[in-house]
Each structure stands twice: as C-alpha cells, then as structure tokens.
2 protein chains.
Amino acid sequence: MQLDERKYLILQAIIDDYILTAMPVGSRTISRKSGVGYSPATIRNEMSDLEELGYLDQPHTSAGRVPSNKAYRLYVDHLMKTVKLTNDERERMQDHLAAKSKQVEGVIRSAAGVLSDATKYTSVIVAPKLSTLRIKHVQLVPVAERMALMVIVTNAGIVKDAVISVPEGMTADELYAVSRTLTEKLADKPLEAVRQAFAELLRNAEYNRKLLGETLQVIEKRLEAGGDASDVIVGGPANMLEYPEYSDVSKARNFLAVLESKDTLRKLLSRDGSMEISIRIGPENQLPALNDCSIVTASYRVGDHSSGTLGIIGPTRMNYNRVISVLEFMGRALSDVLSEYR
Amino acid sequence: MQLDERKYLILQAIIDDYILTAMPVGSRTISRKSGVGYSPATIRNEMSDLEELGYLDQPHTSAGRVPSNKAYRLYVDHLMKTVKLTNDERERMQDHLAAKSKQVEGVIRSAAGVLSDATKYTSVIVAPKLSTLRIKHVQLVPVAERMALMVIVTNAGIVKDAVISVPEGMTADELYAVSRTLTEKLADKPLEAVRQAFAELLRNAEYNRKLLGETLQVIEKRLEAGGDASDVIVGGPANMLEYPEYSDVSKARNFLAVLESKDTLRKLLSRDGSMEISIRIGPENQLPALNDCSIVTASYRVGDHSSGTLGIIGPTRMNYNRVISVLEFMGRALSDVLSEYR
DNA sequence: GTTAGCACTCGATGCTGTTGAGTGCTAACA
DNA sequence: TGTTAGCACTCAACAGCATCGAGTGCTAAC
C-alpha cells in the first residue's frame, strides 16, 4: 500500500490536532476540519490504512488514533509546513538576550531562559567546545602563599580559571612576567595547540619548569574533561510538567533526574553537525527515560568554528515547527553575541 | 489545660511516626509503641485533649491524627532529641566536599549536592555575601580592543569578574600597572570600603579618571546587586517529588517554580543570624507555595565574618533532627574549606 | 485513673450499570 | 468504483451503591 495525497493530508491533520490537544483524534474531528472534504466514514477507512502502515496507533478500540513515532518522523521530514516567527517575537528574544551580561556563562544562561520561555519546553545549551576556542590572554593572579589563579581569556570572551600552586616566594611581578610569556606564546593559538607551544616553551625554559609544567597540565585537563557542570545549562526544567505526558509524578521525577546529570545531557545533545537542525524522536535518543520526548538541536558558532549546541527537549507531541524556527533564530543570535569579541 | 509529661510523650510519638509514614496516626499505633504503656482508649483521650489544644488535626472523623504546625514548633523547640551523625557519614560528606574544585562556586555546588544527598531533601546555598569579603587582588586583563576583564580575588578565593571598557590604545602593561595600583590600594580592604579607597585614588589620579570611575561603578554595582543568579545554588530539586506531599503535579510545579526564582530563594534564606540554626515551619515562611514546607537554615563563615547561608527545604513533616545535624556539620565543613585561603 | 466494649463515622475499595465517543462493516448512492 | 449513511459494537470514563475497616467518642466496669 502506498501513501497517496489524501493519506498525507489526513495524517497531517491528525498530527496537527494531536499536537494541539494531546487527545486521541477521531474521524469526525478530522472530517470537520476545513480543507478536508470527506465524511467521517471515508476518513475512518483511511485511518485504518494508516494504522496498518504503522503511522497511527490506537490506545483502545473505541478511542481515536494517535500518531506513532514513525508518523512524527514523516511529519518533520516531509509534511510539516514551516511557520515564520513574527518580527515582534524576534525582537523580544533578541532584546532579552542582549540585555544581559557580557560574560559567556551569563549569555548562555539568559539564552536558555529565552529559549524555554519562547517554546514553553525545556531548553539545554552546551557551552562552546573548548577545542574550538582561541586563547587571547593568560594571566596568573596571586591568591595566597604558593597559590595562583590562572585566568584564560579566549576569543569568545569565555573565561576559564583554575587554581594552581606556584613555587615559594614568587612575587606578583614575577607572575606577571610569566603571564606575559605565556600570553605571547599562546595568543591566537587554539587551546588544542597548547601542548606543542608548551613543549617549546619548556625546552628553552627561562622560567621555573615546575610552574610551567603544572600550568600545562591544568589547561590540558580542562581540554580533556570537556568542561565541568556549569558548561551545560538547563532552562525551564519545570515547563515539562505542564504537559499531560508528565502528569504522572514518577515520570516527572525521571525526567528531572535526567536534567540533573550534565554528562547525560551533553551526550544527548551531541550531534554530527552536518545538518543545521537535528531532530531525535522518542526512542531515537536511546534513553528509556526520554522515550516519549523529542530532542531538537541546533548549533551555534564562535568565530569561524561550529562550537556548541542549543536544544529543546519536549514531548514527542511537540510543536516542531515553532521549535525549529526558534532554535534557528536563537542559534544565529547566540553566534552573533558570542563572536562579538573577535 | 496544661501539657503534662504524658501528653508530651504521646505528642512526640505521634510526630515521630507521622514523619516516618506520612499517614494519619491512630491510637492503636501509638499504644503499641515501646515506651508508651497505655491502652488505645487512654491514648485517645489524650489525643482528644491535644487536638483541643491545637497540636493535632484530624483530616476526617474516622482517620487518625496529624500534627499541626504548632506541634512541629513545639517539637523542634522542646521535644526533639538530637541524633549524632555516625563517623562514617561525617567522613563521607567531608570527602565528597573536599574532593572537588577549589573554586568557590565549585565548592558550593558540591556542598549543595552533598546536602541534598545526605538529607534526601532539596538544598539551597547562598554564596558568601560580598560585603563580608576582603579583596586580595584586582587584575585587569585585556580582552579586546577597548575592553578588559576585571578579576577580583578575595580572601575566600572567590572570583568576581566583569567586563569593563577601557580607554583606547591602552596596552597590557599599562593595564597591569593600573592593576597593581588598584591592588595596593584595595588589598585587605573589605569590598564595602572600596568606595572610600577609590575616592582617594581619584583625588591624586595619575591614571585615567574615566577608567577608574568605571571600575568603581562595576564593583559597586556588584555590591548592591547582592550577586547574580549563580550566587544561589540549588541541590536535588527533584528530591522533593519523592514525598507524597508532592504527588500532585501542580503542587510540584509550584515548588519547582519557587526554586527557579533565585531572588525569592535569597529572601527565603535570609536570617537574622543570631542563632545557629533557624527553622521556619509552614506558613512561617510567608510564601503560599511553600505552605507545607519547612525551611531549616544554618550559616557558614568566611574568615571571621558570618557570610552565607545553607539550608534545606523539605515537607513540614521533615526529619528535623537529622537535617539539623547535617546542616551544623556542613556549615562547619564549608566554613573550613572556604577559609582555607586566609 | 485506666481500660474494655460498642456504636458510629467516613474514606477507600470494588462492583455495576450507563453514557458517549469512536470504530468497523455493510449496503446504498453518485 | 469511490463515497457515504446507517447501524451494531466496543470500551474507557463516570456515577451510584454496597461493603469494609481503620479509627473515633462515649459509657460503664475495673
């Protein structure tokens, strides 16, 4: 059996309605819709076919039909018509984003807020991948006896800091001198290239080898770890509880538990980067706890490099086309803000 | 009518049982308990008295009794017997706290995790009040043309950073020189005293007045604002959903909404500081959404100054004495860790 | 003062019948 | 041949009703 024009039309109408109401859709409902000129009986026949083809499920005999994951997949790939955001909305989002802090974490935090407000779903943003950033400045600031704070400023304005121990009796001026050397050698290098630069630096070491060695280690550790907890920001975690899918407290708890594990989130949001928008529907995202969630992700850039991910987690029954519009827009907006320092 | 010894005993038994089971407590249950040598009938008479005195509520005629907020108040003030934490537990908490980052935000974040894990409730920690901190170092780091990052290191190792604009053409070395002057003038001053120090600095200004002026403004803004969103850290938000009090999704949503508003949390956790542990039961904390929550708070110190608050939010039916023990212990542990830099 | 006994209350539970949204099938229609 | 009206059928949701049992308050006896 093939999907003809009418089946597409009906399937689309069913999905649209279900996304709106979360209730199984009956033949009468579809028949009444403008644009569909068939009687309930005809619709029923088509629905029966669609069910056989795996696009619809029936919770029980006397209920309407519910779209299957296969149907959502078809919907996002072919059926869905994209809706533009109004200028008003764009402006509002832009304003909210721009008004906030210039610090990267602040920007990302407010972006997550804007995303979850605009979509009413839960948003997740992964901070820029360190390996795509370039070092602008390295500075060692004395903190205590034998301790210094290392601050790394990158082209995205992102600041990574870590406390390292320094040789006894090192003065602020000496630390500044070391900082200058580090900055000179490392400026405009990607964080990835730090290793080579340091090797060279160590060969003709005028400064204390131990200090440089430890500094190198700290930077490398940061690179490997791929960032700490604060690098994954969640917005509007409670939004998800608005939807009947999560009216069951134990489901809600599981969902919130996923949000608390930043590592899981990072994995969930990882994407192959080839396409602009990636959509994973239900079980496609591997995690049983998110079996009736969809995850839509886009990426943003810092400078020339694709650098981080922003995404929305919502029920599979989510308003895909609005979410996509919002993510595309915010992806660009976020790239602009974060690339401002270049 | 007065509360005699036996009434105390029975009330305590009821509260203990209710905290454990969350089910209305009947006379038989109490009668069976070891330590209470009376028949259900006697207990019933006493319970009737206790209800008349406002210590017990009865959900409906044929149900057991439930402690009122007045009863919890009496319980925490007089009845409760304190339980010591085991050495094992202490060690585990200490380890979890110590293992983590040396950065203040990291310490607080992991402390919040430890607190919520140890109590199974939701924890909230307010970062050190800026006004109690002393400046150790101020450093301006070039970020871009006409822009610098100002890093303030304090005695708690806490780092506040903000981007400020600087006059055109200022070199890294010049910024360093300004940094040195700032550090010299401000070192060991409380952040509060910054204003005076700056005024003096501006009088015999060798450096660009505009730069200093703006720097001052930034520091002051930080002081007034009382910190940004990242200064209130919540641990285990989903823990609360484990309790039958929140089996209703809309209640759960309200609760989570409160946790998202950092300002509200800051207000909720503010305390008069006179006593070591503060307990607010149900409506005592003013917020309708938290009407059946209790908030227990303790404070921690950085150096010599009482500086921040750590607290637990749980159902009024919470295990007060365990929560208190944990908070006392963690308050000390946190003070120790944060005062390490002195 | 304490307790056994007993009638009483009332939410929880489970059973039953009814309702209505929705289906599938068949036969008539264009 | 595709479409539709008609109709019997299904089944979750809901309301009504009886039952059960945990727990109470009261009274009388110990």
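Every chain is numbered on its own, with residues counted from 1 as its sequence reads. Going through the entries in the order they are written, you letter the chains from A and number the ligands from 1. Under the rules for a predicted model, residues below a pLDDT of 70 receive no local features and side-chain atom pairs below 80 are neither given nor counted, while totals for whole chains, interfaces and linings still include all residues. Values shown for side chains rest on all heavy atoms present in the structure; no hydrogens or waters enter the calculation.

Below, the discussion takes up the overall build of chain A. Starting at the N terminus, helices and strands are each numbered in turn, a helix being any DSSP run of H or I of at least four residues and a strand any DSSP run of E of at least two. Helix and strand counts for chain A stand at 12 helices and 10 strands. Each residue's exposure class comes from its accessible area (1.4 Å probe, protein chains only) as a fraction of the maximum for that residue type: buried when under 20%, exposed when over 50%, partly exposed otherwise. In chain A, buried positions account for 52% of the 342 residues. Should any heavy atoms of two residues lie within 4.5 Å, those residues are considered in contact. Long-range contacts, defined here as pairs at least 24 residues apart, represent 60% of the contacts in chain A between residues at least 6 apart. Methods summary: accessible areas were calculated by the Shrake-Rupley approach with a probe of 1.4 Å, and residue burial reflects only the protein chains presented. Summed over its atoms, the accessible surface of chain A is roughly 15600 Å², and 48% of this surface lies on carbon and sulfur atoms.

Here the focus is the protein's contact with DNA strand C. We define proximity as follows: a residue is near a molecule or strand when any one of its heavy atoms falls within 4 Å of that partner. Residues in close proximity to DNA strand C total 20 residues, the closest being Ser27(A), Arg6(B), Thr42(B), Thr61(B) and Ser62(B). Of all DNA strand C atoms lying within 4 Å of any protein atom, the proportion belonging to sugar or phosphate reaches 72%. Measuring from a phosphate oxygen of DNA strand C, one finds a side-chain N or O atom of Thr42(B) at 2.7 Å. Pairs of N or O atoms are called polar contacts if they sit within 3.5 Å, as long as, within protein, a hydrogen donor faces a hydrogen acceptor (for residues adjacent in sequence, only side-chain-to-side-chain pairs). Arg44(B) places a side-chain nitrogen or oxygen 3.4 Å from a base oxygen of DNA strand C. Only α3 (40–52) of chain A together with α3 (40–52) of chain B provide two or more residues apiece to the surface near DNA strand C. The element contributing the most residues to the surface near DNA strand C is α3(B), with 4 residues.

The next point concerns helix α7 (residues 172–186) of chain A. All names here are of chain A. What a helix is expected to span follows from its residue count: subtract one and scale by 1.5 Å. In a regular helix each residue adds 1.5 Å, so 15 residues correspond to 21 Å; α7 covers 21 Å between its end C-alpha atoms and thus fits that length. Within α7 the residues assigned to the buried category are Leu175, Tyr176, Val178, Ser179, Thr181, Leu182, Thr183 and Leu186. Two residues or fewer past α7, Asp188 is found with a positive phi of approximately 70°.

Moving on, we come to the packing of helix α10 (residues 249–260) of chain A against helix α11 (residues 262–269) of chain A. Residue and element names in this part refer to chain A. Where helices are involved, their axes are fitted lines through C-alpha atoms of the stretch in contact, as for all axes, and angles between N-to-C directions lie from 0 to 180°. At a minimum axis separation of 5 Å, α10 and α11 run at an interaxial angle of 85°. Compared by their axis directions, α10 and α11 come out roughly perpendicular. Only Lys262, Thr264, Leu265 and Leu268 of α11 make contact with α10, whose side of the interface consists of Val258, Leu259 and Glu260. For the contact of α10 with α11, the class distribution of residues is 4 nonpolar, 1 polar and 2 charged. Each angle gets one of four labels, with under 35 degrees taken as roughly parallel, over 145 as roughly antiparallel, 65 to 115 as roughly perpendicular, and the rest as oblique. Under the grouping applied here, Gly and all other residues not named as nonpolar or charged are polar, the nonpolar ones being Ala, Val, Leu, Ile, Met, Phe, Trp, Tyr, Cys and Pro and the charged ones Asp, Glu, Lys and Arg.

Looking now at the relation of the copies chain B and chain A. In this comparison the copies share one frame, found by least squares on the C-alpha atoms of residues holding pLDDT of at least 70 in both. Aligned on chain A, chain B shows an RMSD of 0.1 Å; the corresponding rotation is 180° and the shift along the axis is 0.0 Å. Such a combination of rotation and displacement between the chain copies is what one expects of a two-fold axis. The position closest to the rotation axis in chain B is occupied by the C-alpha of Val249(B), lying 3.1 Å away.

Contacts between the two partners involve 36 residues from chain B, matched on the other side by 36 residues from chain A. Buried area: the sum, over both parts, of the accessible surface (1.4 Å probe) that disappears when the two are put together. Around 3300 Å² of area is buried between chain B and chain A when both sides are counted, 65% of it from carbon and sulfur atoms. A side-chain nitrogen of Lys or Arg and a carboxyl oxygen of Asp or Glu constitute a salt bridge if their distance falls within 4 Å. Our count for the chain B to chain A interface comes out at 4 salt bridges. Of all the secondary structure elements, the ones that give two or more residues to the side of chain B that touches chain A are α6 (104–119), β4 (135–144), β5 (147–154), β6 (159–165), α7 (172–186) and α10 (249–260) of chain B.

To pair, rings of Phe, Tyr and Trp, with the six-membered ring standing in for Trp, must have centres within 6.5 Å; the planes then decide the type, stacked if under 30 degrees apart, edge-to-face if over 60, and tilted in the middle. Tallying each qualifying case throughout the model produces 7 aromatic pairs over all chains. Ring centres of Tyr246(A) and Phe255(A) lie 5.4 Å apart, and the angle between their planes is 55°; on these two criteria the pair is classed as tilted. Pair check on accessibility: Tyr246(A) and Phe255(A) agree, each one buried. By the criterion adopted, a ring carries a charge over it if an Arg CZ or a Lys NZ lies within 6 Å of its centre and within 35 degrees of its normal. If you follow Lys70(B) out to its NZ or CZ, it ends over the ring of Tyr55(B), 4.6 Å from the centre.

All names here are of chain A. The rule for pairing is simple: two strands pair if DSSP sees at least two bridges between them. With respect to topology, 5 strands assemble into an open sheet ordered β7-β3-β10-β9-β8, the strand pairing being antiparallel. Every other strand in the sheet has two partners, leaving β7 (232–235) and β8 (277–281) as the edge strands with one partner each. Recorded for the sheet is a direction-independent mean angle of 20° between the axes of neighbouring strands. Inspection of the sheet shows β8 paired to strand β9 (residues 293–302) by 5 bridges, in the antiparallel sense. Paired with Ile277 across the strands is Ala298, a residue of β9. α11 contacts β3 (122–126), β7, β8, β9 and β10 (305–315) of the sheet and is inclined by roughly 90° relative to β7.

Our focus in this paragraph is the protein's contact with DNA strand D. Close to DNA strand D lie 20 residues; Arg6(A), Thr42(A), Thr61(A), Ser62(A) and Ser27(B) are nearest. Among the atoms of DNA strand D lying within 4 Å of the protein, the sugar-phosphate backbone contributes 74%. Breaking the surface near DNA strand D down by element, the ones donating at least two residues are α3 of chain A together with α3 of chain B. In terms of residue count, the dominant contributor to the surface near DNA strand D is α3(A) (4 residues). Of the residues contributing to the surface near DNA strand D, the split by class is 4 nonpolar, 12 polar and 4 charged.

Residue and element names in this part refer to chain B. Strand β9 (residues 293–302) sits mainly inside the fold: 8 of its 10 residues count as buried. Summarising the sheet, β9 and strand β10 (residues 305–315) pair through 10 bridges and their orientation is antiparallel. Of the residues in β10, the one forming a bridge with Val296 is Ile312. In sequence, β9 turns back onto β10 through a hairpin of 2 residues, with Gly303 there showing a positive phi of about 65°.

All names here are of chain A. With 17 residues, helix α1 (residues 5–21) should cover 24 Å at 1.5 Å per step; its first-to-last C-alpha distance of 25 Å lies within 8% of that length. Here α1 has its buried residues at Lys7, Ile10, Leu11, Gln12, Ala13, Ile14, Ile15, Asp17, Tyr18 and Ile19. Packed against the buried residues of α1 are α2 (27–32), α3, β1 (56–57), β2 (66–67), α4 (69–79) and α12 (320–338). Once α1 ends, the next one or two residues include Ala22, with phi positive near 65°.

Okay, the pattern of salt bridges next. All names here are of chain A. Across all of its chains, the model carries 28 salt bridges over all chains by this definition. Between Arg73 and Asp77 there is a salt bridge whose closest N-O contact spans 3.3 Å. Placement of the pair is Arg73 and Asp77 together in helix α4, with a separation of 4 residues, close to one helical turn. Arg73 gets classed as partly exposed once you look at its relative accessible area, which sits at 24%. Asp77 sits in the partly exposed class, given a relative accessible area of 44%.

Now for the side chain of Arg65(B). Residues and elements named next belong to chain B. The topology assignment puts Arg65 in the loop between β1 (56–57) and β2 (66–67). Within the structure, Arg65 has its side chain in polar contact with the side chain of Glu51 (distance 2.7 Å). Apart from residues lying up to four places away in sequence, Arg65 is in contact with Ile14, Pro24, Val25, Met47, Ser48, Glu51, Leu56, Asp57 and Gln58.

Turning our attention to unusual backbone geometry. Phi angles above zero are rare outside glycine, and Asp188(A) is one such case at about 70°. Counting through the fold element by element, Asp188(A) comes out in the loop between α7 and α8 (194–203). Backbone geometry at Lys120(B) places phi at a positive 65°, although glycine is not the residue there. Mapped onto the secondary structure, Lys120(B) falls in the loop between α6 and β3 (122–126).

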